[in-house]
Amino acid sequence: TTIWALVFTACFTLAWMVSGAPIVRLLTDLPEVRAVAYDLLPWAIAAPFVSVWSFQMDGIFIGATRGPEMRNAMLVSLVLFIGATWALMPLWGNHGLWAAFMLFMATRGATLAMFYPRLARSVGEA
């Protein structure tokens, strides 16, 4: 599933790179909204590569019915997200919010990855 996740991540990223601006033009004709969307488009392009790991690990932990690990990873990620939002939004506005969100997604993937070796060992014991 990791290979398929990476394939689809590459496809989504390529689609946003090629079609992001045309999609924005389809969604709105307001110049101010378009300008903001174009400015933030690099974050949307980066999002699949940052997020894929948290979604991949979610699938593994959901399939293994390991809710406590998912809860703990989410709590750590949430605390970092709130702190990053509080610190970065006053400095960078919407870019700060996007940076905090990318940190949230990366932290979710990383914290679940830290729990993964224990999960893998427990499967061998079953």
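See the structure printed just above.
Read on for an overview of the structure. Here the structure is a predicted model, which means the values were calculated and not measured.

### Section: unusual backbone geometry
Positive phi, close to 50 degrees, is recorded for Thr65, a residue that is not glycine. Topologically, Thr65 is positioned in the loop between helix H2 (31-63) and helix H3 (67-92). We classify Thr65 as exposed; its relative accessible area is 66%.

### Notes on H3
Taking 1.5 Å per residue as the helical rise, H3 with its 26 residues ought to reach 38 Å, and the 35 Å between its terminal C-alpha atoms agrees with that figure. The sharpest bend along H3 measures roughly 30 degrees and falls at Thr85. Taken as a whole, H3 has its buried residues at Glu69, Ala73, Ser77, Ala84, Thr85 and Leu88. Positive phi appears at Gly93, one or two residues downstream of H3, with a value of about 60 degrees.

### A closer look at the packing of aromatic side chains
Enumeration over the complete set of coordinates arrives at four aromatic pairs. Measuring from centroid to centroid gives 5.7 Å for Phe81 and Phe104, while their planes differ by 65 degrees, and the two rings are edge-to-face. With a gap of 23 residues between them, Phe81 in helix H3 and Phe104 in helix H4 (residues 94-125) connect regions that are remote in the sequence.

### Notes on the nonpolar core
Counting residues in each nonpolar core, the largest one holds six residues, listed as Met57, Phe61, Ala73, Leu112, Phe115 and Leu119. Elements with a minimum of two residues in this core: H2 and H4. Looking at this core element by element, the count peaks at three residues for H4. Setting aside chain neighbours within four positions, we find Leu119 in contact with Ile60, Phe61, Ala64 and Arg66.

### Looking at helix H1 (residues 2-27)
For H1, spanning 26 residues, the distance from its first C-alpha to its last is only 32 Å, which falls clearly below the expected 38 Å at 1.5 Å a residue. In H1, a bend of some 60 degrees at Ser19 exceeds every other bend along the element, and Pro22, a proline, comes one to four places later. Taken residue by residue, H1 has Ala5, Thr9, Thr13, Gly20 and Val24 as its buried positions. Where H1 is buried, its residues contact H2.

### A closer look at the pattern of salt bridges
All told, the structure shown has three salt bridges when counted by the stated rule. As a salt-bridge pair, Asp58 and Arg108 come within 2.3 Å of each other at their nearest N and O atoms. In this pair, Asp58 sits in helix H2 while Arg108 sits in helix H4, placing the two residues 50 residues apart along the sequence. With a relative accessible area of 11%, Asp58 lands in the buried category. For Arg108, a relative accessible area of 7% translates into the label buried.

Criteria and cut-off values
- Residues numbered from 1 in each chain as written.
- Predicted model: local features only at pLDDT ≥ 70, side-chain atom pairs only at ≥ 80, totals over all residues.
- Heavy atoms only, no water.
- Helix = DSSP H or I, 4+ residues; strand = E, 2+ residues; numbered from the N terminus.
- Buried < 20%, exposed > 50% of the residue type's maximum accessible area, 1.4 Å probe, protein only.
- Expected span 1.5 Å × (residues − 1).
- Bend = angle between axes of the 7 residues up to and from the residue.
- Phe/Tyr/Trp six-rings, centres within 6.5 Å; stacked < 30°, edge-to-face > 60°.
- Core = buried A, V, L, I, M, F, W, Y, C linked by side-chain atoms within 4.5 Å.
- Contact = heavy atoms within 4.5 Å.
- Salt bridge = Lys/Arg side-chain N within 4 Å of Asp/Glu carboxyl O.

Function-wise, these values are silent; they only describe arrangement.
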